Amino acid sequence: GFVDPRWERDFCGSEAPDGCAPIELRNPIASQLAVMRTSLIGGLVASVQHNLNRRQSRVRLFELGRVFLRDPAVVDGPLSGAGSDQPLRLAAIACGDADPEQWGVRSRPVDFFDLKAALAALLAPREARFEAAVHPALHPGRSARILLDDRPAGWIGELHPRWQQAYELGRATVVFEIDWTALAEGGLPVAAEISRFPAVRRDLAIVVDRGVASETICRTVKAAGLPYVTAFEPFDLYQGTGVGEGKKSLAFRVLLQDTRKTLTDADVEATLDRLVGLIADRHDGRLRQ
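Since the structure is predicted, the reported quantities are computational estimates derived from the model, not experimental observations.

> Lay out the overall build of the protein chain in plain terms, naming residues and giving numbers.
Scanning the protein chain from N- to C-terminus turns up 7 helices and 14 strands. Burial status across the protein chain gives 40% buried among its 289 residues. If you take every contact in the protein chain between residues at least 6 apart in sequence, the share linking residues at least 24 apart comes to 65%. Element-wise, carbon and sulfur atoms account for 51% of the exposed surface of the protein chain, whose accessible area totals about 16700 Å². Charged side chains in the protein chain number 36 positive and 38 negative. The centres of these two groups are separated by 3 Å.

Here it is, written out as structure tokens:
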């Protein structure tokens, strides 16, 4: 739990006006181990740097451990402002190629979405929500706050280019850190009947304001519980000629299915009309012509 104060300054913004100052040791065993960590990110970055310096070009690491948050009410003891809050967190980091070198897959660097997919698999069957936000350790525009049950639970994103350069990582590095308690609250998957009747797929292109996130639309549709809709997922984004100034076109894949019967055209069209109407009412969206 003892770390370099530089890590706290770089990755946690401890010197920022709104930053959380780490707990300082009154008698540290070494100058580079002078504070208690408030994040696991610094240690993971140092481990990636250690591996890259030893010619390990593809690094995947995680850590499950406690962080130490200041409690201003406590002033006595060997620590300066010792914190009583010691939450357990899980963090992971990835750097290098997304896949091992092979002839069948073109080489590409690991990115935000690779780590997001790993986190989604870890959280299943729960679904996290990702909200764009700024973090001192992460790249502006490539970072997000992790929300579980609409409560902040952690962060995910690409390491800020400033720190990639300062720690000599060379390549884009992605990381997440999440509260273990929030992660562990999830239940077990619930079995559902698999339909023996064929599914119907329809693709919808919806024009909305550029500020409307596809995830927001997906949450609206899921919460509505429309009959027969078993999947509603975005697969394309278009911005340019034909959709209007300040607008974008989002394409969604809609799967409709019933466990008791084969859907008729009337069933499908009635459900799609309700779906499009719902998006129009909630998000001022319209079908792209």
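> Report on the packing of aromatic side chains, specifying residues and quantitative values.
The geometry of two aromatic rings is summed up by the distance between their centres and the angle between their planes. Overall, the coordinates contain 4 aromatic pairs when judged by the stated rule. Centroid distance Phe 112 to Phe 113: 5.3 Å. Interplanar angle 80°. Geometry classified as edge-to-face. What makes Phe 112 buried here is its relative accessible area of 16%. Through a chain of ring-to-ring contacts, the aromatic side chains of Phe 11, Trp 163 and Tyr 167 assemble into a single cluster. Of note, Arg 6 hangs over the ring of Tyr 167, and the distance from its end group to the ring centre comes to 4.3 Å. Directly above the ring of Trp 163 sits Arg 162, whose terminal nitrogen or CZ lies 5.2 Å from the centroid.

> So, helix H3 (residues 112-123): which residues are in play, and what are the values?
In a regular helix each residue adds 1.5 Å, so 12 residues correspond to 16 Å; H3 covers 17 Å between its end C-alpha atoms and thus fits that length. Close packing links the buried residues of H3 with strand E6 (88-95), strand E7 (129-132), strand E8 (138-148), strand E9 (151-159), strand E10 (173-179) and helix H5 (180-184). The backbone nitrogen of Phe 113 has a side-chain oxygen 3.1 Å away, supplied by the residue at the start of H3, namely Asp 111.

> How would you summarise the side chain of Ser 195 if you had to cite specific residues and measurements?
One can find Ser 195 in the loop between H5 and strand E11 (200-209). Looking at Ser 195, its side chain comes within polar contact range of the main-chain oxygen of Asp 258, at 2.5 Å. The contacts of Ser 195, once residues within four sequence positions are left out, are Gln 257, Asp 258 and Thr 259.

> Can you lay out the sheet that holds E7 for me, pointing to particular residues and giving the numbers?
Strand order in the open sheet made by the 6 strands is E4-E6-E10-E9-E8-E7, with antiparallel pairing throughout. Looking along the sheet, the strands with just one partner apiece sit at the ends: strand E4 (59-66) and E7. For this sheet, the mean angle separating the axes of adjacent strands, direction not counted, is 20°. Here 7 bridges tie E6 to E10, and the two strands are oriented antiparallel to one another. Each bridged residue has a counterpart across the sheet, and for Leu 90 the counterpart in E10 is Ile 178.

> Which residues make up the pairing of E11, and what are the values?
Across 10 bridges, E11 lies against strand E13 (residues 247-256) in antiparallel orientation. Bridging across to E13, Val 208 finds its partner in Lys 248. Across 2 bridges, E11 lies against strand E14 (residues 286-287) in antiparallel orientation. Within E14, the position partnered with Val 207 by the bridge is Arg 286.

> Break down a nonpolar patch on the surface for me, citing the residues and quoting the values.
Taken together, Phe 62, Leu 64 and Trp 180 make up a surface patch of nonpolar side chains, about 330 Å² in accessible area. Locating Leu 64 in the fold gives a position in strand E4. Its relative accessible area of 44% is what places Leu 64 among the partly exposed residues.

> Tell me about the sheet that holds strand E12 (residues 229-238), residues and numbers included.
On the basis of which strands lie adjacent, the open sheet formed by 4 strands has the order E12-E13-E11-E14 and antiparallel pairing. Pairing within the sheet leaves two strands with one partner each, and these edge strands are E12 and E14. The strands touched by helix H7 (residues 265-283) are E11, E12, E13 and E14; relative to E11, the strand with the most contacts, the crossing angle is about 20°.

> Run through the layout of surface pockets, naming residues and quoting values.
For the largest pocket, the calculated volume is near 1600 Å³. At the level of secondary structure, the elements contributing two or more residues to the lining of the largest pocket comprise H3, E7, E8, helix H6 (214-224), E12 and E13. Grouping the constituent residues of the lining of the largest pocket by class yields 20 nonpolar, 6 polar and 15 charged.

What counts, and at which threshold
Residues numbered from 1 in each chain as written. Predicted model: local features only at pLDDT ≥ 70, side-chain atom pairs only at ≥ 80, totals over all residues. Heavy atoms only, no water. Helix = DSSP H or I, 4+ residues; strand = E, 2+ residues; numbered from the N terminus. Buried < 20%, exposed > 50% of the residue type's maximum accessible area, 1.4 Å probe, protein only. Contact = heavy atoms within 4.5 Å. Areas by Shrake-Rupley, 256 points an atom, 1.4 Å probe, with all protein chains shown as cover. Lys, Arg positive; Asp, Glu negative; His and termini not counted. Charge placed at Lys NZ, Arg CZ, Asp CG, Glu CD. Phe/Tyr/Trp six-rings, centres within 6.5 Å; stacked < 30°, edge-to-face > 60°. Lys NZ or Arg CZ within 6 Å of the ring centre and 35° of its normal. Expected span 1.5 Å × (residues − 1). Polar contact = N/O pair within 3.5 Å; in protein donor to acceptor, adjacent residues only side chain to side chain. Pairing = 2+ DSSP bridges. Axes fitted to C-alpha atoms, helices over the stretch in contact; angles between N-to-C directions. Patch = residues over 30% accessible without salt bridge, like charges linked within 9 Å, V, L, I, M, F, W, Y side chains within 5 Å. Salt bridge = Lys/Arg side-chain N within 4 Å of Asp/Glu carboxyl O. 1 Å grid on protein atoms, 1.4 Å probe; cavity = no way out; pocket = protein on both sides within 12 Å on 5 of 7 lines; lining within 4 Å. Points joined across faces, edges and corners; volume = space filled by probe spheres on them. Nonpolar A, V, L, I, M, F, W, Y, C, P; charged D, E, K, R; others polar.

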